Amino acid sequence: MIELLKDLIKIQSDTKERANEALQFCADWLKNKGEDVTIHDNNGYLMLTAAKGQGTETIVWNGHVDVVPGHEEQFVPVVEQDRLYGRGSADMKAGVAAMMQAFVELDSPNLTRNVQLHIVTDEETGGRNTSKWLVEQGYHGNFVICGEPTGLKVGLQSKGVLRMDITFKGKPAHGSRPWEGVNAIESAMKFHQAISDLPFRKESTEYYEQPSVNLPIIKAGDRYNVVPAICEMSYEIRYMPGQDKDEIVRQLAGVADTVNVDMEYKASGSTPALTTTKENPYIQSLQKAILKTTDQKAILFGQHGAADTRYYAAVNGGEGAIEFGPTGDDWHGNAEYVLISSVHAYKNILLAHVQNPE
């Protein structure tokens, strides 16, 4: 399994073509182990599915082999004690390798549940061509584990994503006489300072201290001697489960009147917030599998980012799809690594969860 992981890291799968190459490598590896694999193609993006077991319940293991770009040396796996370094080692080729090995080891004749293995190639760019497409084709289940790196903690929740594009309108004037104009950048500054006091930003939940507000884009002005008449500013807001996206938009829009600025906005919610309850029977059995395998109580938490869980949860009322994977650090960074021991533990937990549901 660890050799498989090393081989996957060596494939520089930060482009569509190389991610497809990694996918084909996974398919060939599984076929060489005697598994039946189906390769799907959507808009040139490859993905694979494989299934084992029987019964009325279906558990899906989902993993992605595409990675964010890295330095050339990051695609050479390096082992230092328990750490395996390399781009994608944690995010999330370790999860993929463990899922593949666990799938091969499944005792199919005695399996009372269906297990589907889904490996995809565009999670880092949105997942719409693979995981979303698979769900639309009917490949989903009662419970879904996306093997993102979580430190063997169970990511019950994930924040929703709201994007808001705002255009502030001022009045142009000569730069030597700024009092004759209205500076759109200064209007944007007033707005940005005022939103820190909005009610939605002061809320918290069991798993989150607060929502997050990121200001990633500003476009304004092009000459020193002109008061800028337009300032375009974009926010990405990660809101918590239980918060109302439309209410957040209403609060933000209301700030314009409070600080007396002229603005237009467009809001889009690209990802809903997800919540799987602690009482969910699959969560209960997963906690038992973690305790039995590691002698440690499972830790439940809320994930700040989004993953392909969103597509699977959409067909189950917003729940039943979680992030759960091995232990690593610095994913998307220069020193990304995964703990080798956690990959073994993760594989064993996956097997215990589906083969010993009680």
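Look above for the structure.
Bear in mind the structure is a predicted one, so any value in this text is a computation, not a measurement.

1. Digging into the overall build of the protein chain
Okay, so step 1: When helices and strands are counted, the protein chain shows nine helices and 17 strands.
Okay, so step 2: Taken over the C-alpha atoms alone, the protein chain extends approximately 80 × 45 × 40 Å along its principal axes.
Okay, so step 3: In the protein chain, buried positions account for 51% of the 358 residues.
Okay, so step 4: Total accessible area on the protein chain stands at roughly 16400 Å², and carbon and sulfur atoms take up 46% of it.
Okay, so step 5: Counting 34 positive and 48 negative side-chain charges, the protein chain places the centres of these two groups 3 Å from one another.

2. Things to note about the nonpolar core
Okay, so step 1: Counting 63 residues, the largest nonpolar core has W61, M100, L117, I119, I145, V154 and F324 as the members making the most contacts within it.
Okay, so step 2: At 10 residues, the largest contribution of residues to this core is made by helix α3 (residues 89-105).
Okay, so step 3: Setting aside residues no more than four positions away along its own chain, V154 makes contact with I283, L286, I290, I299, L300, F301, I322, E323 and F324.

3. Focus: the sheet that holds strand β17 (residues 337-339)
Okay, so step 1: If you trace the four strands from one edge of the open sheet to the other, you get β4-β5-β17-β16, paired in antiparallel fashion. Lying at the two open borders of the sheet, with one neighbouring strand each, are β4 (78-80) and β16 (328-329).
Okay, so step 2: Looking at chain direction, β16 and β17 are connected through two bridges and run antiparallel. Each bridged residue has a counterpart across the sheet, and for D329 the counterpart in β17 is Y337.
Okay, so step 3: Helix-sheet contacts for helix α1 (residues 2-10) involve β4, β5 (83-85) and β17, and the interaxial angle to β5 is about 25°.

4. Quick word on helix α6 (residues 245-258)
At 3.6 residues per turn, the α-helix brings residues three or four places apart onto the same side.
Okay, so step 1: Between the first and last C-alpha of α6 there are 20 Å, a value that for 14 residues agrees with the 20 Å anticipated at 1.5 Å per step.
Okay, so step 2: Those residues of α6 not exposed but buried are I248, V249, Q251, L252, A253, V255 and A256.
Okay, so step 3: Summarising the contacts, the buried residues of α6 are in contact with β9 (160-169), α5 (184-194), β11 (230-239) and β12 (262-271).
Okay, so step 4: Between the side-chain oxygen at the start of α6 and the backbone nitrogen of D246 there is a gap of 2.9 Å, and the oxygen is on D244.
Okay, so step 5: N260 sits one or two residues past α6 and shows a positive phi near 60°.

About the thresholds
- Residues numbered from 1 in each chain as written.
- Predicted model: local features only at pLDDT ≥ 70, side-chain atom pairs only at ≥ 80, totals over all residues.
- Heavy atoms only, no water.
- Helix = DSSP H or I, 4+ residues; strand = E, 2+ residues; numbered from the N terminus.
- Buried < 20%, exposed > 50% of the residue type's maximum accessible area, 1.4 Å probe, protein only.
- Areas by Shrake-Rupley, 256 points an atom, 1.4 Å probe, with all protein chains shown as cover.
- Lys, Arg positive; Asp, Glu negative; His and termini not counted.
- Charge placed at Lys NZ, Arg CZ, Asp CG, Glu CD.
- Core = buried A, V, L, I, M, F, W, Y, C linked by side-chain atoms within 4.5 Å.
- Contact = heavy atoms within 4.5 Å.
- Pairing = 2+ DSSP bridges.
- Axes fitted to C-alpha atoms, helices over the stretch in contact; angles between N-to-C directions.
- Expected span 1.5 Å × (residues − 1).
- Polar contact = N/O pair within 3.5 Å; in protein donor to acceptor, adjacent residues only side chain to side chain.

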